[in-house]
Amino acid sequence: MRRYDRRDLGLLLLRLGAGGVLAAHGTQKLFGWFGGHGVEGTGQFMESVGYAPGKASATASGLAETGGGTLLALGLATPAAGAAAAGAMAGAAAVHTPNGFFNQSGGYEYAATLGLTAAGLAITGPGRLSLDHALGHAVNRGWMIPAAFAGTAAVTAAVIGARARRLRQAKESEQDPLFDEDFME
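Residues numbered from 1 in each chain as written. Predicted model: local features only at pLDDT ≥ 70, side-chain atom pairs only at ≥ 80, totals over all residues. Heavy atoms only, no water.

## Some words on unusual backbone geometry
Alanine 52 connects to proline 53 through a cis peptide bond whose omega is -5°. Residue position: proline 53 is located in the loop between α2 (38-48) and α3 (54-74). A positive phi is found at alanine 77, a non-glycine position, where the angle reads about 50°. Looking at where alanine 77 falls in the secondary structure, it is placed in the loop between α3 and α4 (78-96). Taking relative accessible area as the criterion, alanine 77 reaches 15% and is therefore assigned buried. One non-glycine residue, histidine 137, lies in the positive phi region at around 60°. Tracing the chain through its elements places histidine 137 in the loop between α6 (131-134) and α7 (144-174). (Helix = DSSP H or I, 4+ residues; strand = E, 2+ residues; numbered from the N terminus. Buried < 20%, exposed > 50% of the residue type's maximum accessible area, 1.4 Å probe, protein only.)

Structure below.
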(Lines give C-alpha, C1' and ligand atoms only; values in the text may rest on other atoms or scores of the structure.)
Protein backbone atom coordinates (compact mmCIF):
# COMPACT_ATOMS: atom_id res chain seq x y z
CA MET A 1 0.00 0.00 0.00
CA ARG A 2 1.31 3.44 -0.92
CA ARG A 3 1.59 6.10 1.70
CA TYR A 4 1.27 9.70 0.76
CA ASP A 5 2.63 12.38 3.00
CA ARG A 6 1.50 15.93 3.62
CA ARG A 7 3.80 17.28 0.90
CA ASP A 8 1.96 15.21 -1.68
CA LEU A 9 -1.38 16.51 -0.44
CA GLY A 10 -0.06 20.09 -0.31
CA LEU A 11 1.24 19.89 -3.87
CA LEU A 12 -2.06 18.41 -5.02
CA LEU A 13 -3.96 21.31 -3.44
CA LEU A 14 -1.60 23.89 -4.96
CA ARG A 15 -1.86 22.26 -8.38
CA LEU A 16 -5.65 22.02 -8.26
CA GLY A 17 -6.05 25.60 -7.02
CA ALA A 18 -3.57 27.39 -9.28
CA GLY A 19 -4.17 25.09 -12.25
CA GLY A 20 -7.93 25.42 -11.95
CA VAL A 21 -7.77 29.22 -11.80
CA LEU A 22 -5.39 29.36 -14.77
CA ALA A 23 -7.52 26.97 -16.83
CA ALA A 24 -10.71 28.91 -16.08
CA HIS A 25 -9.01 32.19 -16.94
CA GLY A 26 -7.78 30.74 -20.23
CA THR A 27 -11.22 29.46 -21.18
CA GLN A 28 -12.53 33.00 -20.78
CA LYS A 29 -10.13 34.02 -23.54
CA LEU A 30 -10.67 31.02 -25.80
CA PHE A 31 -14.37 30.27 -25.44
CA GLY A 32 -15.94 33.20 -23.63
CA TRP A 33 -16.78 30.97 -20.67
CA PHE A 34 -17.21 32.34 -17.13
CA GLY A 35 -18.06 35.83 -18.34
CA GLY A 36 -15.10 36.06 -20.73
CA HIS A 37 -15.07 37.68 -24.15
CA GLY A 38 -13.77 34.80 -26.26
CA VAL A 39 -11.01 35.08 -28.83
CA GLU A 40 -12.62 38.00 -30.70
CA GLY A 41 -13.21 40.25 -27.69
CA THR A 42 -9.97 39.28 -25.99
CA GLY A 43 -8.14 39.85 -29.27
CA GLN A 44 -9.47 43.40 -29.43
CA PHE A 45 -8.32 43.99 -25.86
CA MET A 46 -4.89 42.49 -26.62
CA GLU A 47 -4.51 44.88 -29.56
CA SER A 48 -5.47 47.83 -27.35
CA VAL A 49 -2.71 47.02 -24.85
CA GLY A 50 -0.04 46.47 -27.51
CA TYR A 51 -0.13 42.73 -28.17
CA ALA A 52 -0.48 42.32 -31.93
CA PRO A 53 -1.94 40.65 -33.75
CA GLY A 54 -4.62 40.60 -31.12
CA LYS A 55 -6.49 37.45 -32.10
CA ALA A 56 -3.28 35.40 -32.28
CA SER A 57 -2.14 36.85 -28.96
CA ALA A 58 -5.47 35.99 -27.35
CA THR A 59 -5.27 32.46 -28.70
CA ALA A 60 -1.68 31.95 -27.55
CA SER A 61 -2.28 33.27 -24.05
CA GLY A 62 -5.56 31.37 -23.79
CA LEU A 63 -3.87 28.12 -24.80
CA ALA A 64 -0.97 28.68 -22.38
CA GLU A 65 -3.38 29.38 -19.52
CA THR A 66 -5.93 26.68 -20.34
CA GLY A 67 -3.41 24.03 -21.32
CA GLY A 68 -0.83 24.90 -18.69
CA GLY A 69 -3.46 25.17 -15.98
CA THR A 70 -5.15 21.90 -16.90
CA LEU A 71 -1.85 20.04 -17.05
CA LEU A 72 -0.75 21.56 -13.73
CA ALA A 73 -4.00 20.50 -12.07
CA LEU A 74 -3.52 16.95 -13.40
CA GLY A 75 0.17 16.92 -12.54
CA LEU A 76 1.10 16.00 -16.11
CA ALA A 77 4.12 17.38 -18.01
CA THR A 78 4.62 19.61 -15.03
CA PRO A 79 7.80 21.42 -16.22
CA ALA A 80 6.24 22.44 -19.55
CA ALA A 81 2.85 23.21 -17.97
CA GLY A 82 4.31 25.42 -15.26
CA ALA A 83 6.66 27.22 -17.63
CA ALA A 84 3.87 27.92 -20.14
CA ALA A 85 1.56 29.27 -17.44
CA ALA A 86 4.36 31.38 -15.94
CA GLY A 87 5.13 32.84 -19.37
CA ALA A 88 1.49 33.77 -19.91
CA MET A 89 1.39 35.43 -16.51
CA ALA A 90 4.58 37.38 -17.28
CA GLY A 91 2.77 38.79 -20.31
CA ALA A 92 -0.21 39.72 -18.15
CA ALA A 93 2.04 41.28 -15.52
CA ALA A 94 3.65 43.47 -18.19
CA VAL A 95 0.22 44.97 -18.94
CA HIS A 96 -0.50 45.67 -15.27
CA THR A 97 2.95 46.89 -14.16
CA PRO A 98 2.24 50.61 -14.82
CA ASN A 99 -0.55 50.37 -12.21
CA GLY A 100 1.82 49.31 -9.43
CA PHE A 101 1.86 46.09 -7.45
CA PHE A 102 -1.53 45.71 -5.81
CA ASN A 103 -4.45 44.20 -7.71
CA GLN A 104 -6.95 46.65 -6.22
CA SER A 105 -5.25 49.38 -8.24
CA GLY A 106 -5.05 47.24 -11.38
CA GLY A 107 -1.50 46.14 -10.55
CA TYR A 108 0.39 42.96 -11.33
CA GLU A 109 -0.04 41.23 -7.94
CA TYR A 110 -2.49 38.58 -9.20
CA ALA A 111 -0.57 37.72 -12.36
CA ALA A 112 2.71 37.55 -10.44
CA THR A 113 1.21 35.26 -7.81
CA LEU A 114 -0.19 32.83 -10.38
CA GLY A 115 3.02 32.93 -12.42
CA LEU A 116 5.29 32.32 -9.45
CA THR A 117 3.05 29.50 -8.21
CA ALA A 118 3.15 27.84 -11.64
CA ALA A 119 6.93 28.26 -11.82
CA GLY A 120 7.37 26.87 -8.33
CA LEU A 121 5.30 23.81 -9.18
CA ALA A 122 7.28 23.28 -12.39
CA ILE A 123 10.52 23.27 -10.41
CA THR A 124 9.30 21.37 -7.35
CA GLY A 125 7.36 18.75 -9.27
CA PRO A 126 3.80 17.53 -8.92
CA GLY A 127 4.19 15.12 -6.01
CA ARG A 128 3.05 11.51 -5.91
CA LEU A 129 -0.65 12.31 -6.31
CA SER A 130 -0.22 13.14 -9.99
CA LEU A 131 -0.36 11.70 -13.48
CA ASP A 132 3.36 12.36 -13.87
CA HIS A 133 4.03 10.00 -10.96
CA ALA A 134 1.51 7.44 -12.21
CA LEU A 135 3.20 7.43 -15.63
CA GLY A 136 6.72 7.06 -14.24
CA HIS A 137 7.61 10.71 -14.86
CA ALA A 138 7.92 10.11 -18.61
CA VAL A 139 7.19 13.81 -19.29
CA ASN A 140 8.66 15.16 -16.05
CA ARG A 141 12.41 14.63 -16.29
CA GLY A 142 14.99 16.85 -14.63
CA TRP A 143 16.41 18.11 -17.92
CA MET A 144 12.93 19.24 -18.99
CA ILE A 145 12.82 21.97 -16.34
CA PRO A 146 15.62 24.18 -17.73
CA ALA A 147 14.57 23.37 -21.31
CA ALA A 148 10.95 24.40 -20.65
CA PHE A 149 11.96 27.60 -18.88
CA ALA A 150 14.58 28.52 -21.51
CA GLY A 151 12.13 28.09 -24.36
CA THR A 152 9.36 29.94 -22.52
CA ALA A 153 11.70 32.75 -21.46
CA ALA A 154 12.89 33.30 -25.04
CA VAL A 155 9.36 33.45 -26.45
CA THR A 156 8.04 35.57 -23.57
CA ALA A 157 10.92 38.05 -23.84
CA ALA A 158 10.37 38.38 -27.60
CA VAL A 159 6.61 38.93 -27.23
CA ILE A 160 6.88 41.41 -24.34
CA GLY A 161 9.77 43.18 -26.08
CA ALA A 162 7.77 43.56 -29.30
CA ARG A 163 4.85 44.94 -27.27
CA ALA A 164 7.12 47.46 -25.56
CA ARG A 165 8.46 48.63 -28.95
CA ARG A 166 4.92 49.03 -30.33
CA LEU A 167 3.84 51.04 -27.29
CA ARG A 168 6.96 53.22 -27.48
CA GLN A 169 6.42 53.89 -31.19
CA ALA A 170 2.76 54.72 -30.63
CA LYS A 171 3.67 57.15 -27.85
CA GLU A 172 6.32 58.82 -29.99
CA SER A 173 3.87 59.32 -32.86
CA GLU A 174 1.37 60.96 -30.48
CA GLN A 175 3.83 63.52 -29.12
CA ASP A 176 3.32 67.18 -29.89
CA PRO A 177 5.80 68.69 -32.33
CA LEU A 178 8.72 70.50 -30.76
CA PHE A 179 8.08 73.64 -32.78
CA ASP A 180 4.87 75.21 -33.95
CA GLU A 181 4.79 75.19 -37.74
CA ASP A 182 3.50 78.81 -37.79
CA PHE A 183 6.53 79.85 -35.76
CA MET A 184 8.94 78.29 -38.25
CA GLU A 185 7.62 80.36 -41.22
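## What about the packing of α2 against α3?
Where α2 meets α3, the axes come as close as 7 Å, and the angle between the chain directions of the two elements is 110°. The angle between α2 and α3 falls in the class roughly perpendicular. Considering the relative orientation of α2 and α3, their crossing is right-handed. Of the residues in α3, those touching α2 at Val39, Glu40, Thr42, Gly43, Met46 and Glu47 are Gly54, Lys55, Ser57, Ala58, Thr59 and Ser61. Of the residues belonging to the contact of α2 with α3, the class tally is 3 nonpolar, 6 polar and 3 charged. (Axes fitted to C-alpha atoms, helices over the stretch in contact; angles between N-to-C directions. Parallel < 35°, antiparallel > 145°, perpendicular 65-115°, else oblique. Left-handed = near helix turned anticlockwise from the far one by under 90°. Contact = heavy atoms within 4.5 Å. Nonpolar A, V, L, I, M, F, W, Y, C, P; charged D, E, K, R; others polar.)

Function-wise, these values are silent; they only describe arrangement.
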